[in-house]
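# Observations on the three-dimensional arrangement
Each chain, letter by letter, is given below.
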Amino acid sequence: PPPPPPGGGVGGGGVRGGGGGVIGTLPVTGGGSGGQLAAGSGGRGTGGTGSGGTSVNGTGGSGSGGRPSETGGRGTGGSVAGTGGSGSGGTVTGTGGGAGGQGTGGAGGGSSGSGGRQVFILSIDFVGGRPPATGAGGAAGATVIASPAMAPSEMAGVKAAPQWNAARGAVGSLTDLTLSNGLVAAINVTWNSPPGASGPGVWTIGSVDAPGNVRMMNGYLDPLTPTTPATVVVANLPPEIVTPGYDVYVYVAGDPAAATTRTYRYGIGTVTQMVAQTGPPPTTFAGFTLAPAGGAGNYIVFRNVTGASFTLTATPGTGAATRAPVNGIQIVAPTGS
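Residues numbered from 1 in each chain as written. Predicted model: local features only at pLDDT ≥ 70, side-chain atom pairs only at ≥ 80, totals over all residues. Heavy atoms only, no water.

Moving on, we come to the layout of surface pockets. Reported here for the largest pocket is a volume of approximately 430 Å³. Every residue lining the largest pocket is counted, 23 residues in all, and those nearest its centre are A253, P282, F285, G287 and N298. Elements represented by at least two residues in the lining of the largest pocket include exactly α1 (213-218) and β16 (271-278). Grouping the amino acids of the lining of the largest pocket by side-chain chemistry returns 12 nonpolar, 11 polar and no charged. (1 Å grid on protein atoms, 1.4 Å probe; cavity = no way out; pocket = protein on both sides within 12 Å on 5 of 7 lines; lining within 4 Å. Points joined across faces, edges and corners; volume = space filled by probe spheres on them. Helix = DSSP H or I, 4+ residues; strand = E, 2+ residues; numbered from the N terminus. Nonpolar A, V, L, I, M, F, W, Y, C, P; charged D, E, K, R; others polar.)

Further remarks concern unusual backbone geometry. Of the consecutive residues G279 and P280, the connecting peptide bond is found in the cis state with omega at 0°. Relative to the helices and strands, P280 is located in the loop between β16 and β17 (299-305). At the junction of A333 and P334, the peptide bond is cis and its omega measures out at 0° in the coordinates. With respect to the helices and strands, the residue P334 is situated in the segment after β19 (328-333). In this structure, Q163 is a non-glycine residue whose phi angle is positive, near 60°. Along the chain, Q163 falls in the loop between β5 (145-146) and β6 (164-167).

Counting residues in each nonpolar core, the largest one holds 41 residues, and the members touching the most others are V234, Y266, F310 and L312. For this core, the element with the highest residue contribution is strand β3 (residues 120-126), accounting for 4 residues. By size, the runner-up hydrophobic cluster in this structure holds 17 residues, among which are M150, I205, M217 and V301. (Core = buried A, V, L, I, M, F, W, Y, C linked by side-chain atoms within 4.5 Å. Buried < 20%, exposed > 50% of the residue type's maximum accessible area, 1.4 Å probe, protein only.)

On to the sheet that holds β17. Sheet architecture is open: 5 strands sit in the order β6-β3-β19-β14-β17, paired in mixed fashion. Lying at the two open borders of the sheet, with one neighbouring strand each, are β6 and β17. Recorded for the sheet is a direction-independent mean angle of 15° between the axes of neighbouring strands. Two strands pair when backbone bridges link them, and strand β14 (residues 246-251) and β17 are joined in this way by 5 bridges, in the antiparallel orientation. In the sheet register, Y246 faces β17, and the bridge partner there is V305. (Pairing = 2+ DSSP bridges. Axes fitted to C-alpha atoms, helices over the stretch in contact; angles between N-to-C directions.)

The element strand β18 (residues 310-316) is extensively covered by neighbouring structure, given that 5 of its 7 residues are classed as buried. Alignment of strand β13 (residues 230-235) against β18, held across 5 bridges, turns out to be antiparallel. The residue bridging V232 from the neighbouring strand is L312, located in β18. With 5 bridges connecting them, strand β15 (residues 261-268) and β18 associate as antiparallel partners. For G267, the partnering residue across the bridge sits in β18 and is T313.

Next up on the list: the side chain of R215. Among the structural elements, R215 can be located in helix α1. A residue is classified by how much of its surface remains accessible, and R215, at 15% relative accessible area, is buried. Not counting residues up to four positions away in its chain, the partners in contact with R215 are D125, P148, A149, M150, E154, D209 and A210. (Contact = heavy atoms within 4.5 Å.)

The buried fraction of β3 amounts to 7 of the 7 residues, a majority that puts the element mostly inside the structure. Every second residue of β3 is oriented toward a common face, with F120, L122, I124 and F126 on one face and I121, S123 and D125 on the other, all of them buried. Bridge count between β3 and β6: 4 bridges; the pairing is parallel. Paired with D125 across the bridge in β6 is A166.

On average, residues of the protein chain score 74 in pLDDT, and 63% of them reach the 70 mark or higher. Within the model, pLDDT remains below 50 along residues 4-24, and this stretch shows 52 contacts once partners closer than five positions in the same chain are excluded. (pLDDT = per-residue confidence, 0-100.)

On to the sheet that holds strand β7 (residues 171-174). Across the sheet, which stays open at both edges, the 6 strands sit in the order β7-β10-β13-β18-β15-β16 with antiparallel pairing between neighbours. Each edge of the sheet is formed by a strand with only one pairing partner; in this case those strands are β7 and β16. Looking at each pair of strands side by side, their axes are set apart by 10° on average, direction ignored. As paired strands, β15 and β16 are joined by 8 bridges and run antiparallel to one another. When the sheet's bridge partners are listed, R262 is paired in β16 with Q277.

Shown next, in the form of structure tokens:
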């Protein structure tokens, strides 16, 4: 064959990545394959850009250029808020590419590096509200003025995250919920806090409004008696959340009167937890306190929940004007994250 032109020049570009796809209901990232150079073309080829779907707060990797038959490629998306980990190219005929955060491809055979762990967070805020006359009991059928809802960018919760899904009213449902990274998934939630003669089924602590934790904790579901508990049903969780198990954070701060103590009981499946609260509630938000069994605190955690759906039950216990507040919930997977 004739010799290559003097100087060689830069090799041609690579191909578009086609590795996008879906695992369960959540998209994952594809990586582009690197350019291939004909013998004697000179230079290094430029890689193609990955065109796969987005992963949870990950980025699509771009292919790196290579020598003859070499395939580059960056890793798929990393953990929440992280970018994809880099995969280094192999030698001739080798394939690089790490999977997850900070993986590095091997040489020669091109084995992939170890991947990082993705964390999924789903947050739901029960907005709550009060009747116009705050001194009134707000019985069933009374007009309730909803508290301010959270903006998508507001950060809140023990697992500080944005994108809280606003659940308004004492009874309702939401579909296609948004995860903390902005990804919409086909998850749904249905809640029921039956109103009655002594209240509308929702209430507020009465805090001066402020973004973030204050706004999330201010409004809540407010079941009235032990015979009318509140229920929250979350369904259609995808395999990425269900398979490793997940934790359910439940925020539980109400508005008992000064010098009175109420007890609240919460359950998921066969697991129940008791919480006690003595009024009045703090006038300013001072942070989160995990409630010990039967003790005081403003959140509890159900660990290693499994199944594509679960029902949270909030049952009023003892004390004056019995209640069992649910300010919000967070679902965090994998368990222990």
